[in-house]
Amino acid sequence: MVAICEVEIRNFRGISYLKWWPRKGLNCLIGPGDAGKSTILDAIELTLGARQSFTFSDADFHRCNIGEPIIIDVTLGALSDELKNLEVYGHFLRGWNPVNGAMEDEPASHLETVLTLRLVVRDDLEPQWLLHSEGAGAEGRERNLQWKHRQLVAPVRLGTVAAHHMALGPRSILGKLSADATQAAAALAGASRQARQAFADRGCEGVEPILEASKRIADTMGIRVDEVRALLDVRGVTLSGGAIALHDEDHVPMKSLGSGSMRLLVAGLQKEVGRSSIFIIDEVEFGLEPYRIVRLLDSLGAKTDDGGQQVFMTTHSPIVLRELAAPQLFAVRTERTTTPATTFDDLMLPETKVTTNVVRHLGASEQAQKTLRACAEAFLAPSVIVCEGKTEIGLVRGMDLWLQDSGSRSLLARGCHWADGAGSSMIERAQLFASMGYRTALFMDSDVLYSAETYAALTQAGVHVIRWQDGFSTEAAIFAAAPAAKISDLLQIAVDWRGEDAVDAKIQKLSGNRYTLDLCRTAFAEDMRGLLGQCAGEGKWFKDIEPAERVSRAVFAQAWFDTGIVYTAPVTRLMQWTGAWTVPVAPAAAGTAAG
Amino acid sequence: MILASRRGHVVAPAGCGKTELIARSVASPAEKPTLILTHTTAGVAALHQRLKRDGVPASHYRLNTIAGWALGLISMFPARAGFRQDPIAAPIYPEVQAAIGRLCQSGHITRELQATYGRLLVDEYQDCSVTQHSIVSGIANAIPTVIFGDPMQAIFGFGGDPLADWHSDVAATFPEIGRLTTPWRWSNAGADDLGQWLLSAREALSQGLSIDLRSCPNRIFWHPIGTDTNATITEQVRVQFDISRNSPNESILIVGDPIRAGSRHDYASRAAGVSVVEPVDFRDIVNAAQNMDGLSGDTLLQACIAFLTQVMTNVYGDRLQQRIQSIQADRNRTPPTPQELTAIALFNQGGYPQAIAFLKSMASDRERRVYRRSAFNIMIEALTMAAGGGPDLGSAIALLRERNRQAGRVVPSKAVGSTLLLKGLEAQHVVILDADQPGSAMSRQHLYVALTRGARSVHIFSRSPTLPA
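Residues numbered from 1 in each chain as written. Chains lettered and ligands numbered in written order. Predicted model: local features only at pLDDT ≥ 70, side-chain atom pairs only at ≥ 80, totals over all residues. Heavy atoms only, no water.

Visitor: Help me get a handle on the overall build of chain A, residues and values and all.
Guide: Helices and strands together make up the secondary structure of chain A, namely 20 helices and 19 strands. Restricting the contact set of chain A to residue pairs at least 6 apart, pairs at least 24 apart contribute 71%. As displayed, chain A offers around 27,400 Å² of accessible surface, 53% of which is attributable to carbon and sulfur atoms. (Helix = DSSP H or I, 4+ residues; strand = E, 2+ residues; numbered from the N terminus. Contact = heavy atoms within 4.5 Å. Areas by Shrake-Rupley, 256 points an atom, 1.4 Å probe, with all protein chains shown as cover.)

What follows is the structure, encoded as structure tokens:
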């Protein structure tokens, strides 16, 4: 089945330039609202669908600059024999290397044979569809895809409104199913004739006096009329394509199905009987409960990925992401770089803004798949804090709740989501997010030290690393920085989580029976900090989101200015990175806590 | 047999229904069209007519010459083929074919060939050159391929590109899957005995044996060539005349000298009603046109007369020019003829229109006869194009020649040519003017091709009754 192997877009709406190599099976696009997901789907639909009726406007040009033409190249691979026909398309066949995406002018045995369809819109706003090749063979030739072959590639698009697909129409799935549109047209014409005949036979009560009067008047005016009859106006009963619609057994039109059901039905029809193998779905989760989302994704080939159809979809749902295989996921990014105004040889060069659009893929590694399952939500935010483990997540959530308690916008509202680094996987996960174009921070402790190369590689990948100072585990940092007055609160959280006896036993054991829990509560001494940090670590006192969240929200947030910089400095940098804190919140004066 | 074969060759002796077989092979609808290739545009035209006559839908096949098909492909894949043919310049066929041969062998377009054609049939394979054979065998790696040919009819030989050897090249790539053994052409003409005789003659010739021209007395008439050349010439004309008289409305092909076109023209000028089969390049006519190019008045008249002597009997150019002098000087005693009037008009600074009028008037003279009608017509057409402000005369004749090449030949019912020119043509009767001319005796292949041109009778002139002697 025909599949798109390359999309290249120039100057179309929000995209100044973009090149993307989609997969043959399912492609799920995610990204922030203005990243261009829909623009990519529109570009594919417009180029392959060749709808003459579509009206372009100046706004379709990138930054409304009509001086530069819109050029969309959609390259099709897995060509059916009709599309590989030498005598029809020989001059336009190209060779594409699936390994590195390189395009050659002519096919070859080691390349996939492809055809490129080009849509060009210039300042006259007249769209022009052409086959495109850089090859010498195509020079001076102009050819379009034959109409019958258009049908093979024109995608079916399932927007949020699916009702029009329930009737026979030029753009509906049913319309594409009916091989012979003329038969339907003939049936419609027949039906309309019958309707007029039936009306004429049955007559219409109450019109007799009107007819009588009309005839009488006509007679007196000298207009010769033998008989006046009331018939349906021919124009009034012309049935067009859209007039044939699906109905259920109670004759209720299928259009009144719930939007979710309708979308399921259309997707099923497209897979089973669609002539084009290219299917575009906006907001795949729209109108569907989670269990039906799963069913729809199954029917789209999320699990089988058999290549029977090529699906392009967008989503904003973590449920959808969890159902996907990692290679099916693509993040659309808009990256803007601004070069400030400069003077060069007395010449003022104005400030220039360059927008680049990219599509980044998650890849096929095992870690990618695990990350997708574990951190689906994080993929839907522009910024991601990869936390080493549940403790760090809890600390971040505690800070977030503090923000909300104090009336600030939450981290989520700031486009920031945390992801579980699952301990040793965190570095790889952080790099995965960064490579997909997410603004990424890694929040980790420092009891295990990595090599300088590892930290350098993270920085190189654009990951912002936030960690305690060398040698400190998170628990150590907590007990090192907590104000003395708050130590008992920390111990209470541990007790609530692990039990009085377990906490006490851990303290006695590690202190060589010098201290007890009670002693730490009632007679806290500075030299206990190290020991308690060690106990918290070994006893897993805060190794979950809930206790760590309490540590953050109920302990440190309440005494932020008395907390030592071992804790506040890294957390402050994290909060600044999220944008929640714009100015440094001054840490407590030294002295109350050991540094 | 053909539809089941992956690759193979069919041995097809002359007149045994090869064209019929090809037509039947593409008659039933298939998923993809069959590519049918042959060598000459004349062959394409003949096959096309046949398929059309049999009502085979055009969607069932793609018909082309090997060279023409290669030219189309080189325009699509110049990089992979490694040769770029300027689309405006005249095609360099040897390089185009060599490049496409390499392309087809490379496998780069295997999938595309499979997508486009269901199978390949190649006609007249005995005329395949080594490069053409590499094209066909390359395509055969992609799609089922059956070739048709007869090594006994191999009489072409392209300079610089030798023919593929039937046994070591052709049969090795395409094993024999059958041979045609029913001489339909002769059976249909009610001359089954001649058909059978020719089949056994073919067998004998291919085995290096001689054939006896007296062994089929009802159909084959041997005319010995004696020492008296004039008697032979008279006899050659008489034989043709007798056939025409005894079997009016039946066609005759006359196989003349293989090299000297002039000798064939002489025969046509003597034998009323016989036309000349022209080579597709019309070489002498193109030369004549180039000589006329840009002339007018007296010099154009001279050139026209020189042209006419090549295509017409009784031109008497000298006498005509003397008459023009007399008439111009008012010294003539007899009134000027229409031919003389048009000649004078041309002489007096006339251009192409006057030349056309002169040539046409000469052709309509009862005392004269155009024996090279197609050559004469093409000249008139070229002059008309040039007179109408079209291309110059030289370009016009080249254009017309190409058009003729594409359209194929219309052969008159009595025609003289060489074996090469008459190959692929058939008639009720054939007259072979000299089969064992000293120094240029017919080869076995030439002899077989010549003998098989007549469906009902063969008249053959030779010194020896057994050939090759």
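Visitor: Pulling in residues and values, what's your account of the overall build of chain B?
Guide: A count of helical and extended segments in chain B gives 21 helices and 14 strands. Against the compact-globule benchmark of 23 Å for 469 residues, chain B has a radius of gyration of 25 Å, which places it among compact chains. Once the C-alpha set of chain B is aligned to its principal axes, its extents read approximately 80 × 60 × 40 Å. Relative to its 469 residues, chain B shows a buried fraction of 52%. Here the analysis covers contacts within chain B between residues at least 6 apart in sequence; of these, 76% occur between residues at least 24 apart. About 20,400 Å² of surface is accessible on chain B, with carbon and sulfur atoms providing 52% of the total. (Rg over C-alpha atoms; globule rule 2.2 N^0.38 Å. Buried < 20%, exposed > 50% of the residue type's maximum accessible area, 1.4 Å probe, protein only.)

Visitor: So what's going on with the environment of Phe77 of chain B? Residues and values would help.
Guide: Mapped onto the elements of the fold, Phe77 of chain B is located in the loop between α3 (66-76) and α4 (78-81). With near-sequence residues (within four places) excluded, Phe77 of chain B lies in contact with Leu86, Gly90, Glu106 and Pro107 of chain A together with Leu103 and Ile109 of chain B.

Visitor: Quick rundown of the interface of chain A and chain B? Include the residues and the values.
Guide: With 20 residues of chain A in contact, the opposing surface of chain B contributes 20 residues. Together chain A and chain B conceal approximately 1,800 Å² of surface at their shared face, both sides included; 51% is due to carbon and sulfur atoms. Together, Leu86, Glu87 and Glu106 of chain A form the three largest contributors to the area buried by chain A at its contact with chain B, with a combined 38%. A salt bridge links Arg62 of chain B to Glu87 of chain A, with the shortest nitrogen-to-oxygen separation between them at 2.5 Å. At the boundary of chain A and chain B, one finds 13 residue pairs in polar contact (both at pLDDT 80 or more). Listed by contribution, the elements that provide at least two residues to the side of chain A that touches chain B are α2 (86-89) and β7 (112-121) of chain A. (Buried area = accessible area lost by both parts, 1.4 Å probe. Salt bridge = Lys/Arg side-chain N within 4 Å of Asp/Glu carboxyl O. Polar contact = N/O pair within 3.5 Å; in protein donor to acceptor, adjacent residues only side chain to side chain.)

Visitor: Explain the domain arrangement of chain B to me, and be specific about the residues and the numbers.
Guide: Assigned domains within chain B: domain 1 (7-181), domain 2 (186-277 + 413-467) and domain 3 (296-303 + 316-399). On a C-alpha basis, the centroid separation for the pair domain 1 of chain B and domain 3 of chain B is 45 Å. (Domains from an automatic or database assignment.)

Visitor: Describe in detail the sheet that holds strand β11 (residues 414-417) of chain B, supporting the description with residues and values.
Guide: Residue and element names in this part refer to chain B. Taken together, 6 strands build an open sheet; the order of strands is β8-β13-β12-β9-β11-β10 and the sheet is parallel. The sheet is open, and its two edges are formed by β8 (220-224) and β10 (275-276), each paired on a single side. Here β8 runs beside strand β13 (residues 454-462); their pairing, made up of 5 bridges, is parallel. Bridging from a neighbouring strand, Trp222 pairs with Ile460 of β13. Along the sheet, helix α10 (residues 192-206) makes contact with β8 and β13, crossing β13 at roughly 55°. (Pairing = 2+ DSSP bridges. Axes fitted to C-alpha atoms, helices over the stretch in contact; angles between N-to-C directions.)

Visitor: I'd like to hear about the nonpolar core, residue by residue, with values.
Guide: One finds Ile40 and Leu76 of chain A together with Trp69 and Ile100 of chain B to be the most contacted residues of the largest nonpolar core, which totals 79 residues. Once residues lying within four places of it in the same chain are set aside, the contact partners of Leu76 of chain A are Val2, Ala3, Ile4, Cys5, Leu48, Thr113, Val114, Leu115, Leu117, Val153 and Ile278 of chain A. Within the second largest apolar cluster, 53 residues are counted, among which are Ile478, Ala482, Leu531 and Ala536 of chain A. (Core = buried A, V, L, I, M, F, W, Y, C linked by side-chain atoms within 4.5 Å.)

Visitor: Would you mind going over unusual backbone geometry in detail, with residue names and values included?
Guide: Residue and element names in this part refer to chain B. A cis amide bond links Leu467 with the next residue in sequence, Pro468, at an omega value of -15°. Tracing the sequence through the fold places Pro468 in the segment after β14 (466-467). We note that Asn249 has phi near 70°; this positive angle belongs to a residue other than glycine. Assessed through its relative accessible area of 82%, Asn249 is described here as exposed.

Visitor: Account for a negative patch on the surface, naming residues and giving values.
Guide: Where like charges cluster on the molecular surface, the negative patch consists of Asp58, Asp123, Asp124 and Glu126 of chain A. Take Asp123 of chain A: it is sitting in the loop between β7 and β8 (127-132). (Patch = residues over 30% accessible without salt bridge, like charges linked within 9 Å, V, L, I, M, F, W, Y side chains within 5 Å. Lys, Arg positive; Asp, Glu negative; His and termini not counted. Charge placed at Lys NZ, Arg CZ, Asp CG, Glu CD.)

Visitor: Can you tell me about the side chain of Asp73 of chain A, naming the residues and giving the values?
Guide: All names here are of chain A. Position of Asp73 relative to the elements: it lies in strand β4 (residues 70-77). Of note is the side chain of Asp73, whose polar atom sits 2.6 Å from the side chain of Arg118. With residues near it in sequence (within four places) discarded, Asp73 still touches Glu6, Val7, Glu8, Arg10, Thr116, Leu117, Arg118 and His132.

Visitor: Could you give me a rundown of the sheet that holds strand β10 (residues 278-281) of chain A, with the residues and numbers involved?
Guide: Residues and elements named next belong to chain A. Taken together, the 6 strands give an open sheet; going across it, the order is β9-β10-β11-β3-β12-β15, and neighbouring strands pair in mixed fashion. Each end of this open sheet is capped by a strand with a single partner; those strands are β9 (156-158) and β15 (352-361). Pairwise comparison of adjacent strand axes, ignoring direction, gives a mean angle of 20° for this sheet. Strand direction decides the pairing type here: strand β12 (residues 329-339) and β15, joined by 10 bridges, are antiparallel. Its bridge partner lying in β15, Ala331 is registered against Arg360. Strand contacts of helix α8 (residues 290-300): β3 (26-30), β10 and β11 (310-314), with the helix running at about 145° to β11, the strand carrying the most contacts.

Visitor: Talk me through the packing of aromatic side chains; I want residue IDs and the actual numbers.
Guide: All names here are of chain A. Inspection of the entire model under this criterion finds 18 aromatic pairs over all chains. An angle of 75° between the planes, with centres 5.1 Å apart, marks the rings of Trp20 and Phe330 as edge-to-face. With Trp20 in strand β2 (residues 15-20) and Phe330 in strand β12, this residue pair connects regions lying 310 residues apart in the sequence. An aromatic cluster is built from Trp402, Phe443, Trp468, Phe556, Trp560, Tyr567 and Trp581, whose rings are joined through pairwise contacts. (Phe/Tyr/Trp six-rings, centres within 6.5 Å; stacked < 30°, edge-to-face > 60°.)

Visitor: Help me get a handle on the domain arrangement of chain A, residues and values and all.
Guide: Residues and elements named next belong to chain A. With domains assigned, chain A is organised as domain 1 (3-162 + 259-332), domain 2 (175-244) and domain 3 (366-590). A straight line from the C-alpha centre of domain 1 to that of domain 3 covers 45 Å. Facing 14 residues of domain 1, the contacting portion of domain 3 comprises 10 residues. Of all residues in domain 1, Leu321, Arg322 and Ala326 bury the most surface against domain 3, accounting for 46% of the area lost on that side. For the pair domain 1 and domain 3, the interface holds 1 salt bridge. Across the pair Glu377 and Arg322 runs a salt bridge, and its minimum N-O distance is 2.9 Å. Taken together, domain 1 and domain 3 are joined by 5 residue pairs in polar contact (both at pLDDT 80 or more). When contributions to the side of domain 1 that touches domain 3 are tallied by element, the ones reaching two or more residues are α9 (318-323) and β12. Counted by class, the side of domain 1 that touches domain 3 contains 10 nonpolar, 3 polar and 1 charged residues. (Nonpolar A, V, L, I, M, F, W, Y, C, P; charged D, E, K, R; others polar.)

Visitor: So, the packing of helix α11 (residues 390-405) of chain A against helix α20 (residues 565-578) of chain A: which residues are in play, and what are the values?
Guide: Residues and elements named next belong to chain A. Where α11 contacts α20, the two axes come as close as 12 Å, and the packing angle between them is 70°. Classified by the interaxial angle, the pair formed by α11 and α20 is roughly perpendicular. Note that α11 runs across α20; the crossing there is right-handed. Contacts between α11 and α20 involve Leu395, Val396, Met399 and Leu403 from the former and Tyr567, Val571, Leu574 and Met575 from the latter. Partitioning the contact of α11 with α20 into residue classes produces 8 nonpolar, no polar and no charged. (Parallel < 35°, antiparallel > 145°, perpendicular 65-115°, else oblique. Left-handed = near helix turned anticlockwise from the far one by under 90°.)

Visitor: Help me get a handle on the confidence of the model for chain B, residues and values and all.
Guide: All names here are of chain B. Residues at a pLDDT of 70 or more form 98% of chain B, whose mean pLDDT is 91. Across chain B, the element-wise mean pLDDT spans from 82 in helix α19 (residues 393-407) up to 97 in strand β4 (residues 119-122). Two numbers describe this predicted complex: its pTM, 0.79, and its ipTM, 0.77. (pLDDT = per-residue confidence, 0-100.)

Visitor: Can you break down a nonpolar patch on the surface residue by residue, with the values?
Guide: Residues Phe344, Leu347 and Leu349 of chain A make up a contiguous nonpolar surface patch of about 300 Å² in total accessible area. Within the element layout of this structure, Leu349 of chain A appears in strand β14 (residues 347-349).

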